Amino acid sequence: MTEDQYVASILQKYAVNSVAAKRTADAVAPLIRSWAGTQLANLFYSGSFAKGTGNKLSADVDLFISLKSDTRQSLKEIYESLFSLSQRKAWSPVRQNVSIGITHSGMKLDLVPGKIQSGYQNYHSLYRRKTDGWTQTNIKLHIDTISKSGRQNEIRAIKIWRNLHNLDFPSFFLELMVLDALKGKSTNNLSANVISALSHIGKSLPTTRVIDPANTNNIISDDMTKEEKNAVAAMANASIGKKYWKDIIW
């Protein structure tokens, strides 16, 4: 087995069962719609599932809950209300930064509530639990940036690496770092590209500044502490020093 074949086999091993994920999302959706009521503007797939960069070590599917701009509840109240719903439905909810992780029928889902910004269609305000504040973002732009990049396989490999090594590395930050690492590189060298991405992360993560393409005031790299960045960079440097792929991802 070649190195490219090995990495491809790992991607297959952790591939999301999209049929089951959609079935689970369809089961949850009516309850979300009932919770949101007349304030619901839209409910759609987002995150790694929509971008094609998911793996079953993290969420199987992401649902974005778009609420109308005139929703009276604050972003924090919306977030906590959705968490309470998830508790009542016994979905084993976990508070994350801008999302709530739940489990339904053995599948993991991330629920992301957001409020449309007045006068816009794709721009939303999201509650940020880490800072007890909010951020502006454009979910559609995030999805398009990654889904049209042609780097989904390399991103999936790095996400698998992150999860296997229990690293705290926010997904969109990770995705943008991989895109930066692979600028101008061929799409036909999977294993070499993954090593290039790890090398870039190991060298640049502690000092790099990454800006949200949907909001220049949102510094995505600030979502990680210095200690978290150093831990991820150290693991990346250790991984590229390994002799065998089985010691990097397995």
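Please refer to the structure higher up on the page.
Residues numbered from 1 in each chain as written. Predicted model: local features only at pLDDT ≥ 70, side-chain atom pairs only at ≥ 80, totals over all residues. Heavy atoms only, no water.

Would you take a moment to explain the side chain of Glu-154 for this structure?
Turning to its location among the elements, Glu-154 is positioned in helix H6 (residues 152-164). Residue Glu-154 is classed as buried on the basis of its relative accessible area of 2%. With sequence-adjacent residues up to four places away left out, Glu-154 is seen in contact with Val-178, Leu-182, Leu-190, Asn-193 and Val-194. (Helix = DSSP H or I, 4+ residues; strand = E, 2+ residues; numbered from the N terminus. Buried < 20%, exposed > 50% of the residue type's maximum accessible area, 1.4 Å probe, protein only. Contact = heavy atoms within 4.5 Å.)

Help me understand the pairing of strand S5 (residues 107-116) in this model?
Regular strands place their side chains on alternate faces of the sheet. Counted residue by residue, S5 has nine buried out of 10 residues, so it is predominantly covered. Relative to S5, strand S2 (residues 61-67) runs parallel, the two sharing seven bridges. Bridge pairing in S5 links Val-61 to Leu-109. By the bridge criterion, five bridges tie strand S4 (residues 100-104) to S5 in an arrangement that is antiparallel. By the bridge assignment for S5, Thr-103 is matched with Lys-108. Connecting the antiparallel pair S4 and S5 is a turn made up of two residues, with Ser-105 showing a positive phi of about 55 degrees. The sheet contact formed by S5 and strand S6 (residues 123-128) spans two bridges and is antiparallel. Residue pairing in the sheet places Lys-115 in a bridge with Ser-125 of S6. (Pairing = 2+ DSSP bridges.)

Please clarify how the pattern of salt bridges should be interpreted in this entry.
In a structure, side chains of opposite charge can pair up when their charged atoms sit close to one another. Scanning the model with the defined rule gives nine salt bridges in all. Ionic pairing is found between Glu-175 and Lys-51, a salt bridge with its closest N-O pair at 2.8 Å. With a gap of 124 residues between them, Glu-175 in helix H7 (residues 171-181) and Lys-51 in helix H3 (residues 47-51) connect regions that are remote in the sequence. Just as Glu-175 is buried, Lys-51 falls in that class too. The closest approach of N and O atoms between Glu-80 and Arg-95, which form a salt bridge, is 2.9 Å. On the criterion of sequence distance, the pair formed by Glu-80 in helix H4 (residues 75-88) and Arg-95 in strand S3 (residues 94-95) is long-range, its members being 15 residues apart. Among the charged side chains, a salt-bridge network with shared partners connects Lys-51, Lys-159 and Glu-175. (Salt bridge = Lys/Arg side-chain N within 4 Å of Asp/Glu carboxyl O.)

Note that every value here comes from positions in space, so none of it alone points to a role or purpose.
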